Amino acid sequence: MTTAADRFAIKGFGPENLPYASFSPVDGKPRLGARLGNQAIDLSALADATGGLDRSVRAAISTSNLDALLAAGCEAWTALRAWLVDAVTTAGGDGIVADSSYPVDDILLHMPFTVADYVDYYASEHHASNVGKIFRPDEAPLLPNWKHLPVGYHGRSGSVIPSGQDFPRPKGLRPEQNGSPSFGPSRRLDIEAEMGFILGGSAPAGEVSVAAAAQHLFGVVLFNDWSARDIQAYEYVPLGPYLGKSFASTISLWVVPFEALSAARITPPARGPALAPYLNDEGEEPWGLDITMEVIVDGHTVSRPPVSALYWTAPQMIAHMTVNGAPLRPGDFFGSGTVSGPEKGQRGSFLELSWAGKEPFAVTPDTEMSFLTDGQTVTIRGTAPGPGGSTIDFGECTATVLPAT
Ligand code: CA
């Protein structure tokens, strides 16, 4: 008697992972699914076939995306995952799973959830130091607040877009040598390789503690927060977080549940100055994440940013965004900020890889670049260790830059 996990599992998408997506079969309506190997399981159909799922959880998956499940809270998504793992690993259940599944090559993926508020953090010490060295070469690379709080900016939810959606080069005011700006397409279009965190449940009065934050961490995706460095540089010094960032931010479409990352949890980097009580994570479970990203330009890998190097953890970022009483809502989303490691080949932006255009970097032995040209495609991939020597694959986050409109 085989199990569905035996029959369908392939490296990276075994029963340890089971990421969620909103998908539609050819000519079918969008629905909520989970991936096992190269199959997308229709969760509603599987629940009808197997039964055994609590009625309220059953209702939360009868929709086209993750919104209802995020609103239902962590008890609902914990119960769903336990049921799903059981369904795909039960001997003899492979036929039932197969009957509820579609090959991933034959489906369309959609935005997996409705983005509520979007926050862009700046949690990588190596990235923040590199940016400091580039823009403030005569000062300390990190500003004095950086190790006391996770620096963040509110972003634009409406331009968080699904992987595979190409977008035109943004336009705006660009700095010029003569001091007067010119209006036109960005000349310094860049990427930011980040991890994106999807939150569920709610905290209407904010003040979510580091310890309580785990209840709100639903899942993780790859995230490319495209950035127009020239527009950004003109709208605020050293770098504005407004129109230079708000035109497009791409997420990968298979949402890896936080529970799938149990074997990837590691101690974050050693802390510097003592933290305020609301950010202090001493004695908490380790919330660093051993995820390795890969940045690929037109099929060529140019960088491998290590998420393990992030100074601030997801629970600390949740505690910070709510400490002033700001509410947390289902569908809230935040990016880690560009992930960069200590090595050059671990930098998560072209700004850093090319040192602001002064040192073009190799894409192939024969070609080098600094910022993006029209028609280039950037793909981010990511993997993490899973339980029992398995691998957790995040799929891909990809888009092509189209000419300006
Ligand atoms: Ca960013």
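Since the model is a prediction, treat every value here as computed from it, not as a measurement.

### Description of the pattern of salt bridges
Here's step 1: Overall, the coordinates contain 18 salt bridges when judged by the stated rule.
Here's step 2: The residue Lys245 makes a salt bridge to Asp225 at a minimum N-O spacing of 3.6 Å. Of the two residues, Lys245 sits in the loop between helix 9 (229–235) and strand 16 (249–251) while Asp225 sits in the loop between strand 14 (217–224) and strand 15 (227–228), which places them 20 residues apart along the sequence. Summarising the burial analysis for this pair, Lys245 and Asp225 share the class buried.
Here's step 3: Several salt bridges converge on common partners, so that one network encompasses Asp120, Asp190, Glu192, Asp225, Arg229 and Lys245.

### Side note on the packing of helix 2 (residues 43–50) against helix 5 (residues 74–89)
Here's step 1: Where helix 2 contacts helix 5, the axes come no closer than 12 Å and their chain directions differ by 70°. The angle between the axes of helix 2 and helix 5 places the two elements in the roughly perpendicular class. Contact residues: Leu43, Leu46, Ala47 and Thr50 in helix 2; Trp83, Leu84 and Ala87 in helix 5.
Here's step 2: Per-class residue counts for the contact of helix 2 with helix 5 are 6 nonpolar, 1 polar and no charged.

### Thoughts on the coordination of the calcium ion
Here's step 1: Coordination of the calcium ion by the protein is provided by Asp120 (OD), Asp120 (OD), Glu192 (OE), Glu194 (OE) and Asp225 (OD), with metal-donor distances spanning 2.2 to 2.5 Å.
Here's step 2: One chain supplies every donor for the calcium ion, spaced along it as D-x71-E-x1-E-x30-D. Pair noted here: Asp120 is in strand 6 (residues 118–121) and Asp225 is in the loop between strand 14 and strand 15, with a separation of 105 residues, a long-range link. Exposure class is identical for Asp120 and Asp225. Each is buried.

### Structural notes on the domain arrangement of the chain
Here's step 1: Domains assigned within the chain are domain 1 (4–110) and domain 2 (118–289 + 298–368).
Here's step 2: Spacing between the C-alpha centres of domain 1 and domain 2 amounts to 30 Å.
Here's step 3: Of the roughly 1600 Å² buried at the junction of domain 1 and domain 2 (both faces included), carbon and sulfur atoms supply 74%.
Here's step 4: By the criterion of area lost to domain 2, the three top residues of domain 1 are Tyr20, Leu70 and Trp77, representing 35% of everything that side buries.
Here's step 5: Counting across the interface, domain 1 meets domain 2 through 0 salt bridges.
Here's step 6: Between the two partners, domain 1 and domain 2, sit 2 residue pairs in polar contact (both at pLDDT 80 or more).
Here's step 7: Mapped onto the side of domain 1 that touches domain 2, the elements with two or more residues apiece are strand 1 (20–25), strand 2 (31–36), helix 4 (67–72), helix 5 and strand 5 (107–110).

Definitions and cut-offs
- Residues numbered from 1 in each chain as written.
- Predicted model: local features only at pLDDT ≥ 70, side-chain atom pairs only at ≥ 80, totals over all residues.
- Heavy atoms only, no water.
- Salt bridge = Lys/Arg side-chain N within 4 Å of Asp/Glu carboxyl O.
- Helix = DSSP H or I, 4+ residues; strand = E, 2+ residues; numbered from the N terminus.
- Buried < 20%, exposed > 50% of the residue type's maximum accessible area, 1.4 Å probe, protein only.
- Axes fitted to C-alpha atoms, helices over the stretch in contact; angles between N-to-C directions.
- Parallel < 35°, antiparallel > 145°, perpendicular 65-115°, else oblique.
- Contact = heavy atoms within 4.5 Å.
- Nonpolar A, V, L, I, M, F, W, Y, C, P; charged D, E, K, R; others polar.
- Donors = N, O, S within 2.8 Å, 3.2 Å for Na, K, Ca; no water.
- Domains from an automatic or database assignment.
- Buried area = accessible area lost by both parts, 1.4 Å probe.
- Polar contact = N/O pair within 3.5 Å; in protein donor to acceptor, adjacent residues only side chain to side chain.

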